[in-house]
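Geometric and topological summary
Spelled out, the chains give:
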Amino acid sequence: MSNSYQIVVCGSIVPDPLQTLEPVTGPAGPALKNEMILPAVLDPWAGHALYEAANLARQLPGSKVHLVSLGPKAKLQQVMMTVAQKVPFELAALDGPANGFTDPSETAAALAEAIQGIAGLDKSRLLVFGGWESASRGAGATMQMVGERLGIVDQFQGVDALKVNPDGSFEILERIEGGRHQVSRCAGPPALLGWATGNLPEPKNNPQVGMTNMRTVMPALQRAKAVKTGTEGVTFASVALPRQQRETRIVKDASPEEIAREIVDWLKQ
Amino acid sequence: METILFLAHTEADGSLGKPALEALGVCQGLQKSLPGVQFAAALVGETTQPGADAIAGCGASRFLAVSGPDFGQSRYASDAAAAEALCRAAQATLVVAPATSRWNRVLPGVAQRLGGRVDTHVTGVSTDGAKPAINRWYYRQRMEAQLSRAQRPWFILIDPGSQPAAPIAAGHAAVEAVAIPLPDSCKRTQVTGLRVPAADAQTIRPDARLLFVTGAGWTKKQADGQTHVPEAEKLIRGFLQLTRASLGSSKSLVDLGGEGQAVLSFLTHLNQVGQTGSTPRHPKGLSTCCHGEEPHTVGWRFINERRAISLDPNCGWARGKADVLYVADAFAVMTRVNALLETQKPA
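Conventions adopted
Residues numbered from 1 in each chain as written. Chains lettered and ligands numbered in written order. Predicted model: local features only at pLDDT ≥ 70, side-chain atom pairs only at ≥ 80, totals over all residues. Domains from an automatic or database assignment. Contact = placed C-beta atoms within 7 Å. Nonpolar A, V, L, I, M, F, W, Y, C, P; charged D, E, K, R; others polar. Pairing = 2+ DSSP bridges. Helix = DSSP H or I, 4+ residues; strand = E, 2+ residues; numbered from the N terminus. Axes fitted to C-alpha atoms, helices over the stretch in contact; angles between N-to-C directions. Expected span 1.5 Å × (residues − 1). Buried ≥ 20, exposed ≤ 12 C-beta atoms within 10 Å, placed from the backbone. Core = buried A, V, L, I, M, F, W, Y, C linked by C-beta atoms within 7 Å.

1. Some remarks on the domain arrangement of chain B
Residue and element names in this part refer to chain B. We note that the domain assignment places domain 1 (3–186) and domain 2 (199–344) within chain B. In this structure, domain 1 and domain 2 have C-alpha centres spaced 36 Å apart. Listed as interface residues are four residues of domain 1 and, on the opposing side, five residues of domain 2. Classifying every residue of the side of domain 1 that touches domain 2 by side-chain character gives no nonpolar, two polar and two charged.

Spelled out as structure tokens, the structure:
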């Protein structure tokens, strides 16, 4: 039995977490102020999914990783210059909004269509990966909808580990409440995994991988299909930054003993 | 006219968890404020009667359940089939459910099956005239939105801890069993167990009164030019044992392990709080050796009282993110905190 997989990773871009974000309301609904000039990065949990996919593909010869990414084409190109140096993949790009206010069901429809459009897709060997939540919408809903559209009912979220057993089945660890993991055994592909952090460090940049990837990344960006995703049926009454700004008391010249006493008193209140 | 469905899964003993009772309280609020609504309750689990009896007095006009050994597992395929059948049987337009890991995994997919929409991590539900509206956060708790939706069914998953649990009178609930023939294709996955840290190694305590966050500073060179990782471990473990606090960490500290640097042995990515970690709910939080920049503090959105110990008086905590910032050496302070707590420990 072949143990090679077609691994499709869904991953988009988000503003660099160090940026200050401010909501604005435009004709199409809420958005981020200066969204197009904010530096962007690959969504962190989607990044973990991509690195886990590449690691799995490396262990099982014949496996292939596709990255399906929906975002403004110019921003995608910028982010791919870095991401492409990390691990080998083939990009399928979709040109459309990537902000957190778009509806997950509309995003899922676009992603599922793109996955179905991958040439030579064999659903019996298909693993769909993604982040369990994004750093933009943070809903943890899109991947399940993609899975439903593809007819995949073996789905896992908050995944930290995937082990392929000799018989082709998987052992999967999912995060659940209280710092615990649920352990499941799945018969095999097709399956969908929304990754949490996993166990792999971010790969170092490898210019050779970058050069190989860019041969397919640039053409994929050029032919990126424009998709319309939005907020149909949703009425936003407000989108606002939290108003609470604390009056921070800065204690500079107290001794460790004094500070310790104050902390212990506070803990006991 | 809306039909509200309270949708919950039972625990292994057939009871309902606190998050379920919080979601039920939201349903009761909607029932009171929306005109002419129908209200039904539906449960999924190996056994559901004890859970239904516990909420018999909640005001629901119908109690529905999918029960049996196949539905005791927290598994996507069987949970989706059960939730779909219950939503159809109740003809629900608003489905209110607790945002547990089990329901977070499955209900967005069920919304897709039913042609509906879903909002997860909901922190508030209100009504504007005849329309329900919800509050949720975007960009990892950086901005809050209030929104309503035209599509139905609308699945609303209530974040645990964000609402008070409903006080409900128990009794006997007449449960309508909804039968589902579960095909083999829904049994390809089997839940085989849980992986739980040993009791003394379990540092994540969702019910703790205090969140204690450690930053990368604990593993950096100190004033003597040396790192003191074993000493840091001892101080942190000691504090956790004395206070029963929940341990959080910045991403940078957890990631050091992957970069081959010295790291606190008991920290994992599960401890991570912030941009790529969790956003826990605790009454108090104490940060140590963490600079309090935005990617960290977004994880503190639901911590009420915040204090921090940092050597940098201009760190992020000083800019309105903490109530008190102690500019001091965390090693020195925490040594004395532990000593004080030790003396005050009940005999």
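Having seen it, we continue.
2. Digging into the interface of chain A and chain B
The figure often quoted for interface size is the accessible area lost as the parts come together. Counting from both sides, the interface comprises 71 residues of chain A and, opposite them, 76 residues of chain B. Considering only residue class, the side of chain A that touches chain B consists of 36 nonpolar, 21 polar and 14 charged.

3. Description of the sheet that holds strand β13 (residues 282–288) of chain B
Taken in spatial order, the six strands of this open sheet run β15(A)-β15(B)-β14(B)-β13(B)-β11(B)-β12(B), and their pairing is parallel. Of all the strands in the sheet, the pair left with one neighbour each is β15 (249–251) of chain A together with β12 (246–249) of chain B. For this sheet, the mean angle separating the axes of adjacent strands, direction not counted, is 20 degrees. Pairing of strand β11 (residues 210–214) of chain B with β12(B), which is carried by four bridges, proceeds in the parallel orientation. Among the inter-strand pairings, B:Phe212 is bridged to a residue of β12(B), identified as B:Leu247.

4. Here's the deal with unusual backbone geometry
The omega torsion of the bond from A:Pro189 to A:Pro190 falls at 0 degrees, within 30 degrees of zero and hence cis. Within the secondary structure layout, A:Pro190 lies in the loop between β11 (180–186) and β12 (191–195). With an omega of 0 degrees, the peptide bond between B:Arg152 and B:Pro153 qualifies as cis. Relative to the assigned elements, B:Pro153 resides in the loop between β7 (143–149) and β8 (154–158). Although it is not a glycine, B:His121 adopts a positive phi angle of roughly 50 degrees.

5. Here we look at helix α1 (residues 44–59) of chain A
Residue and element names in this part refer to chain A. The terminal C-alpha atoms of α1 lie 23 Å apart, and with 16 residues this matches the ideal 22 Å at 1.5 Å per residue to within 8%. Counting buried positions along α1 yields 12 of 16 residues, so the element is predominantly enclosed. Among the residues of α1, Pro44, Trp45, Ala46, Gly47, His48, Ala49, Leu50, Tyr51, Glu52, Ala53, Ala54 and Ala57 are the ones counted as buried. As for α1, its buried residues are in contact with β1 (6–10), β5 (40–42), β6 (64–71), β8 (126–131), β9 (155–164) and β12.

6. Quick word on the nonpolar core
A:Val9, B:Phe6, B:Ala42, B:Val96 and B:Ile156 are the most contacted members of the largest nonpolar core, which has 137 residues in total. In terms of residue count, helix α3 (residues 76–90) of chain B provides more of this core than any other element does, nine residues in total. Those residues in contact with A:Val9, other than ones at most four positions away along the chain, are A:Ala46, A:Ala49, A:Leu50, A:Ala53, A:Val65, A:His66, A:Leu67, A:Phe129 and A:Gly130. Counting 41 residues, the second largest nonpolar core, distinct from the first, contains B:Leu286, B:Ala308, B:Cys315 and B:Ala328.

7. Some thoughts on the pairing of strand β5 (residues 117–128) of chain B
Residue and element names in this part refer to chain B. Note: β5 against β8, four bridges, orientation parallel. Paired with Val118 across the bridge in β8 is Phe155. Following β5, the chain reverses through two residues before pairing antiparallel with strand β6 (residues 131–138); Gly129 in that reversal takes a positive phi of roughly 70 degrees.

8. Regarding the sheet that holds β8(B)
Two orientations exist for strands paired in a sheet by backbone hydrogen bonds: parallel and antiparallel. Taken in spatial order, the 10 strands of this open sheet run β14(A)-β7(B)-β6(B)-β5(B)-β8(B)-β4(B)-β1(B)-β2(B)-β3(B)-β9(B), and their pairing is mixed. Strands with a single pairing partner mark the edges of an open sheet, and in this sheet they are β14 (234–240) of chain A together with β9 (175–177) of chain B. Each strand of the sheet is rotated relative to its neighbour by a mean of 35 degrees, with strand direction disregarded. For β6(B) and β7(B), the ladder comprises five bridges, and the chain directions are antiparallel.

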